[in-house]
Amino acid sequence: MERLYPYQKAFLEDYSQFRIVNKARQVGFSFIIAFEGLYVAEKFNNQLTLYCSVGDRQAKELLLRIRTFALAQGLTFSKETANELQLPNGSRIISLPNNPDSIRGYTPDRIYLDEFSHYQWEKEILNALAPSLTRTDRKRFLTIVSTPLGKQGEYHKIWEDN
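Predicted, not measured: the structure shown is a model, and the values here were computed from it. (Residues numbered from 1 in each chain as written. Predicted model: local features only at pLDDT ≥ 70, side-chain atom pairs only at ≥ 80, totals over all residues. Heavy atoms only, no water.)

Asker: If you had to explain the nonpolar core to someone new, which residues and values would you point to?
Answerer: The biggest cluster of nonpolar side chains holds 23 residues, and the ones touching the most others in it are F11, I32, I33, L38, Y51, I66 and I93. Of all the secondary structure elements, the ones that give two or more residues to this core are α1 (6-12), α2 (29-43) and α3 (56-72). Examining the composition of this core, we find that 6 residues originate from one element, α2, more than from any other. Apart from the residues lying within four places of it in its own chain, the contact partners of L38 are Y51, I66, F69, A70, Q73, L75 and I93. By size, the runner-up hydrophobic cluster in this structure holds 18 residues, among which are I20, L50, C52 and L133. (Core = buried A, V, L, I, M, F, W, Y, C linked by side-chain atoms within 4.5 Å. Buried < 20%, exposed > 50% of the residue type's maximum accessible area, 1.4 Å probe, protein only. Helix = DSSP H or I, 4+ residues; strand = E, 2+ residues; numbered from the N terminus. Contact = heavy atoms within 4.5 Å.)

Asker: Any chance you could break down the sheet that holds strand β6 (residues 110-114) for me, citing the residues and the numbers?
Answerer: Taken in spatial order, the 7 strands line up as β1-β7-β6-β2-β5-β4-β3 in an open sheet, and their pairing is mixed. In the strand order of this sheet, the two ends are held by β1 (18-22) and β3 (79-80), each with one partner. Both strand β4 (residues 84-86) and strand β5 (residues 92-97) contribute to a ladder of 3 bridges, which runs antiparallel. Counted as the bridge partner of Q86 is R92 from β5. (Pairing = 2+ DSSP bridges.)

Asker: Mind laying out unusual backbone geometry, listing which residues take part and the relevant values?
Answerer: Not every positive phi belongs to a glycine, and N46 is a case in point at roughly 55°. Mapping N46 onto the fold places it in the loop between α2 and β2 (48-53). Phi at E115 takes a positive value of approximately 55°, unusual for a residue other than glycine. In this structure, E115 sits in the loop between β6 and α5 (122-133). Residue classification places E115 among the buried residues on the basis of a relative accessible area of 16%.

Asker: Run through the pairing of β6, naming residues and quoting values.
Answerer: Taking burial as the measure, the 5 residues of β6 include 5 buried ones, the bulk of the element. Neither face of β6 is exposed, since R110, Y112 and D114 on one face and I111 and L113 on the opposite face are all buried. Both β2 and β6 contribute to a ladder of 4 bridges, which runs parallel. Following the sheet pairing, Y51 is matched in β6 by Y112. Sheet topology note: the β6/strand β7 (residues 141-146) ladder contains 5 bridges and is parallel. Within β7, the residue paired with R110 across the bridge is F141. What joins β6 to β7 is α5, and the crossover it makes is right-handed. (Right-handed = clockwise from strand over helix to strand, strands pointing away.)

Structure below.
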């Protein structure tokens with residue numbers, strides 16, 4: 001972790017169940033959430049990690065970054081599709097664009113909402129994920145990361161309430 005910035009190290013050392021990050025552009029947070037998600041998927045068996053990005057291009061870019069990290073560490077996948085990577089230990093990483101219909105029905109252990117303030121359907125995404133987050137069979141984690149988009153929308157409300 002010597003090459004990480006202090007704020008990236010602090011993020012990785014924060015084990016809170018609910019995290020929100022208000023960031024600038026191009027400061028390495030998509031990088032760090034990709035790294036963390038792969039680390040958790042590799043360390044713990046049968047984990048489901050769900051990434052949601054602004055659009056399809058960003059979702060695929062995030063999965064490509066995860067795949068690059070994995071290959072650099074010598075990790076292999078038992079399954080690879082355009083939106084999913086599965087590790088031999090049964091853990092899965094799914095990366096989708098911000099569409100509530102696409103993410104509904106998953107019960108992820110970890111959820112990363114990247115650039116959340118720029119989503120077209122912020123409230124609907126949160127409503128689609130709520131049943132997963134309220135399950136009591138095990139602890140689930142939500143991380144919201146975004147650059148601000150003024151004093152509007154669900155991201156701003158969550159940030160102000162935090």
